[in-house]
Amino acid sequence: MAVCIAVIAKENYPLYIRSTPTENELKFHYMVHTSLDVVDEKISAMGKALVDQRELYLGLLYPTEDYKVYDYVTNSKVKFVMVVDSSNTALRDNEIRSMFRKLHNSYTDVMCNPFYNPGDRIQSRAFDNMVTSMMIQVC
């Protein structure tokens, strides 16, 4: 089950973070921010090939004892980070990829809102409902 979903801006500050067990919220914030180092390493290792790629799903960044951290990067360098409970073995890579596509589409809808200023925290109820449904769906 997905326990944390985050949207990180190009400059590595959080636009949106949502986690289900709120008692471990600080732990998930730490996991999301430490994963950004791995994302930067993967992006720099890909170099020129990254520009030519259409889909920027980076896959599993790193596993811990209890969780697995996945990442997806858009063309505008906005990062989507998903922390998944490692006890959920039924969740496959292509399902996580489709979840990131849904998240990206919903993020695009937020960006198309004329009242949203790019770079501000995401406070869209529709985006929040979509993230909630993704977390429930995976459970």
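Residues numbered from 1 in each chain as written. Predicted model: local features only at pLDDT ≥ 70, side-chain atom pairs only at ≥ 80, totals over all residues. Heavy atoms only, no water.

Per an unreviewed UniProt entry, the chain carries the name Trafficking protein particle complex subunit 2-like protein and comes from Myodes glareolus. As its UniProt record puts it under Function (unreviewed entry), the chain is described as follows: "May play a role in vesicular transport from endoplasmic reticulum to Golgi." On record in UniProt, under Sequence similarities (unreviewed entry), the comment for the chain is "Belongs to the TRAPP small subunits family. Sedlin subfamily." (UniProt positions renumbered as here; feature names shortened; annotations may be inferred.)

Asker: How do you make sense of helix H1 (residues 25-46) when you look at a structure like this?
Answerer: Helical periodicity: at 3.6 residues per turn, an α-helix aligns residues three or four positions apart in one direction. Across its 22 residues, H1 extends 32 Å between first and last C-alpha, which sits within 8% of the 32 Å expected from 1.5 Å per residue. If you check which residues of H1 are buried, you get Phe28, Met31, Val32, Ser35, Leu36, Val39 and Ile43. (Helix = DSSP H or I, 4+ residues; strand = E, 2+ residues; numbered from the N terminus. Expected span 1.5 Å × (residues − 1). Buried < 20%, exposed > 50% of the residue type's maximum accessible area, 1.4 Å probe, protein only.)

Asker: Explanation requested: unusual backbone geometry in the structure shown.
Answerer: The backbone phi angle of asparagine 12 is positive, close to 65°, even though this residue is not glycine. Looking at the element boundaries, asparagine 12 is found in the loop between strand E1 (2-8) and strand E2 (14-19). Positive phi is not limited to glycine here, since lysine 77 has a value of about 70°. Within the element layout of this structure, lysine 77 appears in the loop between strand E4 (67-73) and strand E5 (79-85).

Asker: Just to check I follow, could you spell out the sheet that holds strand E3 (residues 57-63) for this structure?
Answerer: Either a parallel or an antiparallel arrangement is found when strands of a sheet pair, and the pairing is made through backbone hydrogen bonds. Read from one edge of the open sheet, 5 strands run E2-E1-E5-E4-E3, paired in antiparallel fashion. If you trace the sheet from one side to the other, it starts and ends with E2 and E3, each paired once. Within this sheet the neighbouring strands show an average axis-to-axis angle of 15°, counted without direction. With 7 bridges connecting them, E4 and E5 associate as antiparallel partners. What sits directly across from lysine 68, in E5, is valine 84. Each of E1, E2, E3, E4 and E5 touches H1; the most contacted strand, E3, lies at about 125° to it. The sheet strands contacting helix H3 (residues 93-111) are E1, E2, E3, E4 and E5, and the helix crosses E5 at an angle near 140°. (Pairing = 2+ DSSP bridges. Axes fitted to C-alpha atoms, helices over the stretch in contact; angles between N-to-C directions. Contact = heavy atoms within 4.5 Å.)

Asker: Sorry, what's going on with the pairing of E5 here?
Answerer: Looking along a regular strand, one sees the side chains alternate between the two faces of the sheet. The element E5 is extensively covered by neighbouring structure, given that 6 of its 7 residues are classed as buried. As defined by bridge partners, E1 adjoins E5 across 6 bridges and the pair is classed as antiparallel. By the bridge assignment for E5, valine 7 is matched with phenylalanine 80. Where E4 folds back onto E5 in an antiparallel hairpin, the turn is made up of 5 residues, including lysine 77, whose phi is positive at roughly 70°.

Asker: Can you walk me through the nonpolar core in this structure?
Answerer: One broad rule of soluble globular proteins: the nonpolar side chains tend to lie buried together. Ranked by size, the top nonpolar core spans 27 residues in total, and within it Val7, Phe100, Leu103, Ile122 and Phe127 carry the most contacts. Among the secondary structure elements, those contributing two or more residues to this core are E1, E2, E4, E5, H3 and helix H4 (125-138). When residues in this core are grouped by element, the largest group, 6 residues, is from H3. Other than its neighbours up to four places away in sequence, leucine 103 contacts Ile5, Phe80, Phe127, Met130, Val131 and Met134. One finds Ala6, Ile43, Leu61 and Val81 within the second-largest nonpolar core, a separate group that totals 20 residues. (Core = buried A, V, L, I, M, F, W, Y, C linked by side-chain atoms within 4.5 Å.)

Asker: Is there a simple way to think about the packing of aromatic side chains in this case?
Answerer: For any pair of aromatic rings, the description consists of the separation of the ring centres together with the inter-plane angle of the planes. Applying the stated criterion to the full structure yields 6 aromatic pairs. Each ring, one from phenylalanine 80 and one from tyrosine 107, has its centre 5.5 Å from the other, and the planes form 75°; the classification is edge-to-face. Of this pair, phenylalanine 80 sits in strand E5 while tyrosine 107 sits in helix H3; the two residues are 27 residues apart in sequence, bridging distant segments of the chain. Classification of phenylalanine 80 by relative accessible area gives buried; the value is 0%. Classification of tyrosine 107 as buried rests on a relative accessible area of 7%. Of the aromatic side chains, those joined through ring pairs into one cluster are Tyr57, Tyr72, Phe80, Phe100 and Tyr107. (Phe/Tyr/Trp six-rings, centres within 6.5 Å; stacked < 30°, edge-to-face > 60°.)

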